[in-house]
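# Structure at a glance
Below, each chain spelled out in residue letters.
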Amino acid sequence: MTDQLHEEVRQMLSAYLDGELTQADSQKVRVHLSRCEECRRTHEELARLQEMTRSLEFAQPPEARMKELEKSLSVQAPRRLGWFFILAGIAAWLIYGAGTWVRHWRPPTVEELIASAVVIGFVMLFASVVIERLRQLPHDKYRRIEK
Ligand SMILES: [Zn+2]
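Here the structure is a predicted model, which is why all the values come from computation and not from measurement.

As a further point, take the overall build of the protein. A tally of regular secondary structure across the protein gives 6 helices and 0 strands. N-terminal to C-terminal, the α/β element order of the protein is α-α-α-α-α-α. Here the protein, with 147 residues, has 4% of them falling under the buried criterion. Nonlocal contacts in the protein, meaning residues at least 24 apart in sequence, comprise 52% of its contacts between residues at least 6 apart.

This is how it looks when you write it as C-alpha cells:
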C-alpha cells in the first residue's frame, strides 16, 4: 500500500459512506480499508457521526407527526372537557341571569357584574377561536372542527 493510495482513500471516505463513488472507486476503498487500520478507524468514526446526524433528524418529528401527537387523547380530552365546562357554565349563567331578572327586576350585584365580565370574556375568546378555525379550514382539510 502506498501513501498516495492512503491519501486518496481518506479523501474518498465521506463520499464512500454516502454511496456516491463509482463501483471501481468504492472497491478501491473497500480493499484499502481491509488493509489499513488507520483508514478503517476513520471510516468507523465517520459512519458513527453520520448515524448520529441521522438519529438527530429523526428525533425532530415532522409537522405531520406533531399534528398526530396533538390529536392524541391526552391532549384532546382535557381540551374537550374544558370547552364543555366553559359552555355549560355560560349556558347556566345565562339561564340563571335571565330567570332572576325576569322574575324580579333589580340592579345587578357586584358578583353578577364580575360573572358577566367573565362570561363575556369567554364568549369573545370562543368566537375568536371559531373564526380562526373557519379561516384555517380551506388550507387544512385534515383538521376537523371541534364542537
Ligand atoms: Zn489508509
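Here the narrative resumes.
Packing of helix α1 (residues 3-17) against helix α2 (residues 23-35) leaves a shortest axis separation of 10 Å and a crossing angle of 115°. As far as their axial angle goes, α2 and α1 are roughly perpendicular. Helix-helix and strand crossings are classified by hand; for α1 and α2 the assignment is left-handed. Contacts between α1 and α2 involve L5, V9, M12, L13 and Y16 from the first element and D25, S26, K28, V29 and H32 from the second. When grouped by side-chain class, the residues that make up the contact of α1 with α2 number 6 nonpolar, 2 polar and 2 charged.

What follows deals with α1. Taking 1.5 Å per residue, 15 residues should reach 21 Å; α1 reaches 21 Å between its end C-alpha atoms and fits that length. Approximately 40° is the largest bend angle found in α1, and it occurs at Q11. Where α1 terminates, the next one or two residues include G19, which has phi positive at roughly 70°.

Right, let's talk about helix α6 (residues 110-136) for a bit. With 27 residues, α6 ought to run about 39 Å at 1.5 Å a step, and its terminal C-alpha atoms sit 39 Å apart, in line with that. Counting buried residues in α6 gives 0 out of 27 residues, a small share hidden from the surface.

Summing up the model confidence of the protein, the mean pLDDT is 82 and the portion of residues at 70 or higher is 85%. Per-element confidence in the protein is highest for α2, whose mean pLDDT is 95, and lowest for helix α4 (residues 63-71), whose mean pLDDT is 70.

What counts as what
Residues numbered from 1 in each chain as written. Predicted model: local features only at pLDDT ≥ 70, side-chain atom pairs only at ≥ 80, totals over all residues. Helix = DSSP H or I, 4+ residues; strand = E, 2+ residues; numbered from the N terminus. Buried ≥ 20, exposed ≤ 12 C-beta atoms within 10 Å, placed from the backbone. Contact = placed C-beta atoms within 7 Å. Axes fitted to C-alpha atoms, helices over the stretch in contact; angles between N-to-C directions. Parallel < 35°, antiparallel > 145°, perpendicular 65-115°, else oblique. Left-handed = near helix turned anticlockwise from the far one by under 90°. Nonpolar A, V, L, I, M, F, W, Y, C, P; charged D, E, K, R; others polar. Expected span 1.5 Å × (residues − 1). Bend = angle between axes of the 7 residues up to and from the residue. pLDDT = per-residue confidence, 0-100.

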